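If you want the building blocks of each chain, they are given just below.
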Amino acid sequence: MVSCLNEDAHYPVANLFKKDGSYLQSDTDPQLLVSVPFAEPVCIAGLRIEATAGDEEAPARVKLFTNRPDIGFDEAESDEPLQSFELALADTKAGAPALELRRAKFRSVHSLQLFVEENYGADVTRLTYLHILGEAKHSGSGDGFGLPIPAGFKLDAITETPPSYFS
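What counts, and at which threshold
Residues numbered from 1 in each chain as written. Predicted model: local features only at pLDDT ≥ 70, side-chain atom pairs only at ≥ 80, totals over all residues. Heavy atoms only, no water. Helix = DSSP H or I, 4+ residues; strand = E, 2+ residues; numbered from the N terminus. Buried < 20%, exposed > 50% of the residue type's maximum accessible area, 1.4 Å probe, protein only. Contact = heavy atoms within 4.5 Å. Areas by Shrake-Rupley, 256 points an atom, 1.4 Å probe, with all protein chains shown as cover. Salt bridge = Lys/Arg side-chain N within 4 Å of Asp/Glu carboxyl O. Pairing = 2+ DSSP bridges. Core = buried A, V, L, I, M, F, W, Y, C linked by side-chain atoms within 4.5 Å. Polar contact = N/O pair within 3.5 Å; in protein donor to acceptor, adjacent residues only side chain to side chain.

Undergrad: Can you help me understand the overall build of the protein in this one?
TA: When its secondary structure is counted, the protein shows 1 helix and 9 strands. Reading the protein from its N end, one meets helices and strands in the order β-β-β-β-α-β-β-β-β-β. For the protein, the proportion of its 167 residues judged to be buried stands at 50%. Considering only contacts within the protein whose residues lie at least 6 apart along the sequence, 73% involve residues at least 24 apart. Accessible surface computed for the protein: about 8,100 Å², of which carbon and sulfur atoms make up 49%.

Here it is as structure tokens:
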């Protein structure tokens, strides 16, 4: 089950996978630690992290970890991430290009941990959508794109051409 540390109970992590205007919001400070388990191992090639455009509540610094479902804030702050991003506000707009991941580091992923370390100065962070791009390692469906595939969430229909960094 997808989980999030420091989520506001009125704006839970489940909203992060909906395209209905709902959102995930942090509770006591700007940091969020989202953990997304997958139904089977996946290769992740990119992410789209959407937030309200031009908003101080948008994430500014994000760190990514894999296969560490029990990671806490202390470890997320101090441990070396597999990859990190300094996001411009334009990176969090709907329709912005995906953040390209180092595919060699994101193979055979059983769970993805996304740590929002800082935002643009607001007391809370607000995320409107998370789109995980990749493919299942042993998917028999042949479509493999349009992740997330966390348990309990329906796979979205593929309506776009995969990004050019898919081989």
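Undergrad: What exactly am I supposed to notice about the pattern of salt bridges here?
TA: Pairing between side chains of opposite charge can happen when their charged atoms approach one another. For the coordinates displayed, the defined rule picks out 8 salt bridges. Here Lys-19 and Glu-50 are joined by a salt bridge, their closest N and O atoms 3.1 Å apart. With Lys-19 in the loop between β1 (3-5) and β2 (24-25) and Glu-50 in strand β3 (residues 32-50), this pair connects stretches of sequence that are 31 residues apart. Assessed through its relative accessible area of 58%, Lys-19 is described here as exposed. Measuring nitrogen to oxygen at the nearest pair gives 3.7 Å for the salt bridge that ties Glu-117 to Arg-61. Taken as a pair, Glu-117 in strand β7 (residues 109-119) and Arg-61 in strand β4 (residues 59-66) lie far apart in primary sequence, 56 residues in all. Residues joined by salt bridges that share partners form a network here, namely Arg-61, Lys-63, Glu-86, Glu-117 and Glu-118.

Undergrad: I'm lost on the pairing of β7 in this one. Help?
TA: Two faces, one strand: in a regular strand the side chains alternate between the faces of the sheet. Within β7, 9 of the 11 residues are buried, which leaves the element mostly enclosed by the surrounding structure. Here β3 pairs with β7 via 7 bridges, running antiparallel. Note that in β7 the partner of Leu-32 across the bridge is Val-116. Taken together, the 7 bridges between β4 and β7 define a ladder with antiparallel strand orientation. If you follow Pro-59 over to β7, its bridge partner there is Asn-119.

Undergrad: Would you explain the environment of Ala-76 in this entry?
TA: Positionally, Ala-76 belongs in helix α1 (residues 73-78). Along the chain, Ala-76 and Phe-65 lie 11 residues apart, while their C-alpha atoms are 8.3 Å from each other.

Undergrad: What should I look at first to understand the nonpolar core in this one?
TA: Nonpolar side chains in soluble globular proteins tend to end up buried together. With 29 residues, the main nonpolar core has Val-34, Ile-44, Leu-47, Leu-114 and Leu-130 as its most contacted residues. Only β3, β4, β7 and β9 (129-136) provide two or more residues apiece to this core. The element contributing the most residues to this core is β3, with 8 residues. Contacts of Val-34, omitting those with residues within four sequence positions, involve Val-2, Ser-3, Cys-4, Val-13, Leu-16, Leu-24, Leu-112, Gln-113 and Leu-114. Grouped together as the second largest cluster of nonpolar side chains are 5 residues, Leu-33, Phe-65, Ile-71 and Ala-76 included.

Undergrad: Explanation requested: the environment of Arg-61 in the structure shown.
TA: Under the relative-accessibility criterion, Arg-61 is labelled partly exposed at 25%. For Arg-61 and Gln-31, which are 30 residues apart along the polypeptide, the C-alpha to C-alpha distance reads 9.8 Å. Residues within four places of Arg-61 in sequence aside, it is in contact with Phe-85, Glu-86, Phe-115, Val-116, Glu-117 and Glu-118. Within the structure, Arg-61 has its side chain in polar contact with the side chain of Glu-118 (distance 2.8 Å).

Undergrad: Could you clarify how one ought to interpret the side chain of Glu-57 in this entry?
TA: Here Glu-57 is to be found in the loop between β3 and β4. Accessibility expressed as a relative area gives 14% for Glu-57, which makes it buried. Residues within four places of Glu-57 in sequence aside, it is in contact with Asn-119, Ala-122, Val-124, Thr-125 and Arg-126.

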